[in-house]
Amino acid sequence: MTSITKSASIAGCLLGRIADWFERFRESADIRALSASEIESIARDLRVQRAELEALIAHGRHGAKELSRLLDVFGIDERSIARKQPGVLHDLTMVCALCASKPRCNRETRAGTAALQYPEYCPNAYTIDALRKESLIPQAVDFLRGPACC
């Protein structure tokens, strides 16, 4: 299994759970039976606005697949983010799922130019830059210590 497939499963899992839950209701008439307050409650539990929740449902399980691919471009371990900073991954996933620049993101990733171009179109660029800097810190400290240090 490739790292892209592994990391795609984390973001897909989050959105997939939401989409799967609503898919059960979509096939039945139960979703229409939910009151506005119940829908608002679900959105609040997920820390999203109601309109965002509806957009997430529409995008389905693969709504943030671009995030996994972009993190992989930079060698950022999505599983590590999920363990250490689950709130950050949640926010990254939500922003990606609602992003209007998906066609460009997919095009740049396929072309191998995403690493250079993503600040121009990616609403997660600032957070990804922070994660990139954070991932360099342990390597720099290890370099400064040298191989013989305790």
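Residues numbered from 1 in each chain as written. Predicted model: local features only at pLDDT ≥ 70, side-chain atom pairs only at ≥ 80, totals over all residues. Heavy atoms only, no water.

### Considering the overall build of the protein chain
(1) Moving on: Regarding its fold elements, the protein chain presents ten helices and zero strands.
(2) Moving on: Tracing the protein chain from N to C terminus, the helices and strands come up as α-α-α-α-α-α-α-α-α-α.
(3) Moving on: Long-range contacts, defined here as pairs at least 24 residues apart, represent 71% of the contacts in the protein chain between residues at least 6 apart.
(4) Moving on: When the accessible surface of the protein chain is totalled, it reaches about 9300 Å², and 56% of it is carbon and sulfur. (Helix = DSSP H or I, 4+ residues; strand = E, 2+ residues; numbered from the N terminus. Contact = heavy atoms within 4.5 Å. Areas by Shrake-Rupley, 256 points an atom, 1.4 Å probe, with all protein chains shown as cover.)

### Details of the environment of Asp77
(1) Moving on: By the element assignment, Asp77 lies in the loop between helix H5 (65-73) and helix H6 (78-84).
(2) Moving on: Through-space distance from the C-alpha of Asp77 to that of Leu131 is 9.8 Å; in sequence the pair is 54 residues apart.

### Concerning helix H9 (residues 114-121)
(1) Moving on: Along H9, the residues that are buried comprise Ala114, Tyr118 and Tyr121. Down the axis of H9, the buried set is contained in an arc of 75°. They therefore lie on one face. Residues of H9 that are exposed and angled more than 90 degrees away from the buried face: Leu116 and Glu120. (Buried < 20%, exposed > 50% of the residue type's maximum accessible area, 1.4 Å probe, protein only. Arc of directions from axis to C-beta.)

### With respect to the packing of H5 against helix H8 (residues 102-111)
(1) Moving on: Two numbers describe how H5 lies on H8: the axes approach to 10 Å, and their chain directions differ by 35°. Relative to H8, the crossing made by H5 is left-handed. Facing H5, whose interface residues are Lys65, Glu66 and Arg69, H8 presents Lys102, Cys105, Asn106 and Thr109.
(2) Moving on: Each residue belonging to the contact of H5 with H8 can be placed in one class, and the counts come to one nonpolar, two polar and four charged. (Axes fitted to C-alpha atoms, helices over the stretch in contact; angles between N-to-C directions. Left-handed = near helix turned anticlockwise from the far one by under 90°. Nonpolar A, V, L, I, M, F, W, Y, C, P; charged D, E, K, R; others polar.)

### Brief notes about the pattern of salt bridges
(1) Moving on: One pass over the structure, following the stated rule, counts five salt bridges.
(2) Moving on: If you follow the salt bridges from partner to partner, you end up with Arg104, Glu108 and Glu120 in one network. (Salt bridge = Lys/Arg side-chain N within 4 Å of Asp/Glu carboxyl O.)

### Considerations on H5
(1) Moving on: Among the residues of H5, Glu66, Leu67, Ser68, Leu70 and Leu71 are the ones counted as buried.
(2) Moving on: Once H5 finishes, Gly75 follows within two positions and takes phi at roughly 70°, a positive value.

### Brief notes about the nonpolar core
(1) Moving on: Leu53, Leu70, Ile76, Tyr118, Cys122 and Ile128 are the most contacted members of the largest nonpolar core, which totals 30 residues.
(2) Moving on: Every element with two or more residues in this core is listed here: helix H1 (3-27), helix H3 (36-45), helix H4 (50-59), H5, helix H7 (86-97), H9 and helix H10 (125-145).
(3) Moving on: Looking at this core element by element, the count peaks at five residues for H7. (Core = buried A, V, L, I, M, F, W, Y, C linked by side-chain atoms within 4.5 Å.)

### Let's talk about the environment of Cys99
(1) Moving on: Looking at where Cys99 falls in the secondary structure, it is placed in the loop between H7 and H8.
(2) Moving on: Along the primary structure Cys99 and Tyr121 are separated by 22 residues, whereas in three dimensions their C-alpha atoms are 9.5 Å apart.

### Remarks on the confidence of the model for the protein chain
(1) Moving on: Across the protein chain, the average pLDDT comes to 78, with 69% of residues at 70 or higher.
(2) Moving on: Per-residue pLDDT stays below 50 along residues 139-145; that stretch engages in zero contacts with residues further than four places along the chain or on separate chains. (pLDDT = per-residue confidence, 0-100.)

### Section: the environment of Cys13
(1) Moving on: The topology assignment puts Cys13 in helix H1.
(2) Moving on: The partly exposed category is assigned to Cys13, whose relative accessible area is 29%.
(3) Moving on: In the structure, Cys13 is positioned 51 residues away from Ala64 in sequence and 10.0 Å away in space, judged by C-alpha atoms.

### A look at the state of the cysteines
(1) Moving on: Evaluated as defined, the whole model comprises zero disulfides.
(2) Moving on: Sulfur of Cys105: no disulfide; nearest cysteine sulfur belongs to Cys122 and is 6.2 Å away.
(3) Moving on: By relative accessible area, which is 8% here, Cys105 ends up buried. (Disulfide = S-S within 2.5 Å.)

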